[in-house]
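So you can see what is in the structure, the chains are spelled out below.
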Amino acid sequence: MANLLTMDDLSARDIEWILDRAESIQKDKKKFRESKPILVTNLFFEPSTRTRFSFETAEKRLGFQVLNFTSETSSTTKGETLYDTVRTLEEIGTDIAVIRHKEDHYFDQLIHKNIKLNIVNAGDGSGHHPTQSLLDLLTIRQEFILFQGLTVAIIGDLRHSRVARSDAEVLTSLGCKVVFSGPKEWHNPELQGDYMPIDDAISKADVVMMLRIQHERHQHTLDLTKEEYHQAYGLTLKRADKMKKGSIIMHPAPVNRGVEIADELVESTNSRIFKQMHNGVAIRMAVLEWALETERGEMNRGELI
Ligand code: CP
């Protein structure tokens, strides 16, 4: 069994393997096909464009069979639990379940002796988003080669962002200095590091990573208009002028243009936002291969019965 639930499930060697594999997939378009078709089911209980469709593209490019579960038309509307849903899909023949869910750590209920399929977390509430982290790492590595010594500024809705958590943890472990900025109300005590005004963060950073405002997770809104937020906490054109030479802009998207980032900067020459999306397919192909390879290794060692 190989679950990718948080970045802690990957050793530095695993990460390097996935990034290398993704790059070799990008270079070599040759299709990989198993003799027995692998069945993947995508279960998205929260909206998604990038993650959902790049997983589906990755699965199809790998020659897998794909089922797309729709919660609105499923028996979860009759009260069936996530555990019973996944257990059912396993019994039907699913080898890998790709799951996005609004509950933090939804996967805790699936780490159970009766569930043997591989689970890949496509985002849990404000918890973790490991495949976004991996595509972010690939984007940064393709730009700077090494992580060691880079300064990454993560800016915006730090409290509600699963990307901030996953990225901050792994980037720190790889030797980056991670600094944070955003409204005080959204500072996150679980994110350890230097908090600073946005102008300071932007002028120090090799990577300026802006975060979407996660309205859907807010209990109280900030008393600011979109324009006031942009001026106080966003990457404005004026602030972008203060970025270091050679530094890049990232954002996990979807982007609120003109709020956390100026419209003109989304596709500026130093923006890698669409490159991140491009990298998502190869990373997800590599993650699916990693899960199956890890499972095969366990089977060969007799660890799975
Ligand atoms: N970055 C990201 O997870 O985008 P989606 O919500 O569109 O999948």
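Residues numbered from 1 in each chain as written. Predicted model: local features only at pLDDT ≥ 70, side-chain atom pairs only at ≥ 80, totals over all residues.

Describe the packing of helix α2 (residues 50–61) against helix α9 (residues 273–300), listing the residues and the values that go with them.
Close contact between α2 and α9 brings their axes to 8 Å; oriented N to C, the two are set at 55 degrees. Between α2 and α9, the interaxial angle falls into the category oblique. Between α2 and α9 lies a crossing whose hand is right-handed. On the side of α2, the interface is formed by R50, S54, F55, T57, A58, E59 and R61, while α9 contributes M277, G280, V281, R284, M285 and L288. (Axes fitted to C-alpha atoms, helices over the stretch in contact; angles between N-to-C directions. Helix = DSSP H or I, 4+ residues; strand = E, 2+ residues; numbered from the N terminus. Parallel < 35°, antiparallel > 145°, perpendicular 65-115°, else oblique. Left-handed = near helix turned anticlockwise from the far one by under 90°. Contact = placed C-beta atoms within 7 Å.)

Give me the lowdown on the domain arrangement of the protein, citing residues and values where you can.
Interfaces are often sized by the amount of accessible area the parts lose when they come together. The domain boundaries assigned to the protein delineate domain 1 (7–127 + 279–299) and domain 2 (130–277). Put simply, the middle of domain 1 and the middle of domain 2, counted by C-alpha atoms, are 26 Å apart. Opposite the 20 residues of domain 1 that make contact, domain 2 presents 22 residues. At the level of elements, α1 (12–27), α2, β4 (118–124) and α9 are the ones that each hand at least two residues to the side of domain 1 that touches domain 2. For the side of domain 1 that touches domain 2, the leading source of residues is α9, giving 5 residues. Its residues assigned to classes, the side of domain 1 that touches domain 2 comprises 8 nonpolar, 9 polar and 3 charged. (Domains from an automatic or database assignment. Nonpolar A, V, L, I, M, F, W, Y, C, P; charged D, E, K, R; others polar.)

Describe the site of the ligand, with residues and values.
Near the ligand you find S48, T49, R50, T51, R52, G123, Q132, P252, A253 and P254, and these make up its full shell. With 3 residues, the single largest contributor to the shell around the ligand is α2. Counted by class, the shell around the ligand contains 3 nonpolar, 5 polar and 2 charged residues. Summarising the domain contributions, the shell around the ligand has at least three residues from each of domain 1 (7–127 + 279–299) and domain 2 (130–277). (Near = placed C-beta within 6 Å.)

Any chance you could break down unusual backbone geometry for me, citing the residues and the numbers?
The omega torsion across A253 and P254 is 5 degrees, close enough to zero to call that bond cis. Among the secondary structure elements, P254 is positioned in the loop between β9 (248–250) and α9. The residue I145 is not glycine, and still its phi comes out positive at about 70 degrees. Within the secondary structure layout, I145 lies in the loop between α4 (130–144) and β5 (151–155). Even without being a glycine, A253 presents a positive backbone phi close to 65 degrees. Within the secondary structure, A253 sits in the loop between β9 and α9. Residue A253 is classed as partly exposed on the basis of its C-beta count, with 18 C-beta atoms lying within 10 Å. (Buried ≥ 20, exposed ≤ 12 C-beta atoms within 10 Å, placed from the backbone.)

Before we move on, could you go through the UniProt feature "binding site: carbamoyl phosphate" (unreviewed entry) in the protein and cite the residues and values that matter?
What UniProt calls "binding site: carbamoyl phosphate" (unreviewed entry) maps, in this numbering, to R50, T51, R100, H129, Q132, A253 and P254. When you line up the elements, T51 lands in helix α2. Here T51 is in contact with R100, A122, G123 and T131, once residues within four sequence places are set aside. Discounting chain neighbours no more than four positions away, the residues touching P254 are T49 and R212. (UniProt positions renumbered as here; feature names shortened; annotations may be inferred.)

I'd like a description of α4, backed by residues and values.
Relative to the 21 Å expected for 15 residues at 1.5 Å per residue, α4 spans 21 Å between its end C-alpha atoms, a close match to the ideal helical length. Of all the positions in α4, only P130, T131, Q132, S133, L134, L135, D136, L137, L138, T139 and I140 are classed as buried. (Expected span 1.5 Å × (residues − 1).)

Explain the pairing of strand β8 (residues 207–210) to me, using residue names and the numbers behind them.
On any regular strand, side chains alternate: one points to one face of the sheet, the next to the other face. Alternating residues of β8 divide into V207 and M209 and V208 and M210, and every residue in both groups is buried. Here 4 bridges tie β5 to β8, and the two strands are oriented parallel to one another. Along β8, the bridge assignment pairs V152 with V207. Relative to β9, β8 is paired through 3 bridges, and the arrangement is parallel. Residue V208 lies in a different strand from β9, and its bridge partner there is I249. (Pairing = 2+ DSSP bridges.)

Could you give an account of the nonpolar core, naming the residues involved and the relevant values?
Ranked by internal contacts, the top residues of the largest apolar core, which has 77 residues, are A153, I154, V208 and V287. Each of domain 1 (7–127 + 279–299) and domain 2 (130–277) gives at least three residues to this core. Ignoring sequence-local partners within four residues, the contact set of A153 consists of V179, S181, A201, I202, K204, A205, V208 and M209. (Core = buried A, V, L, I, M, F, W, Y, C linked by C-beta atoms within 7 Å.)

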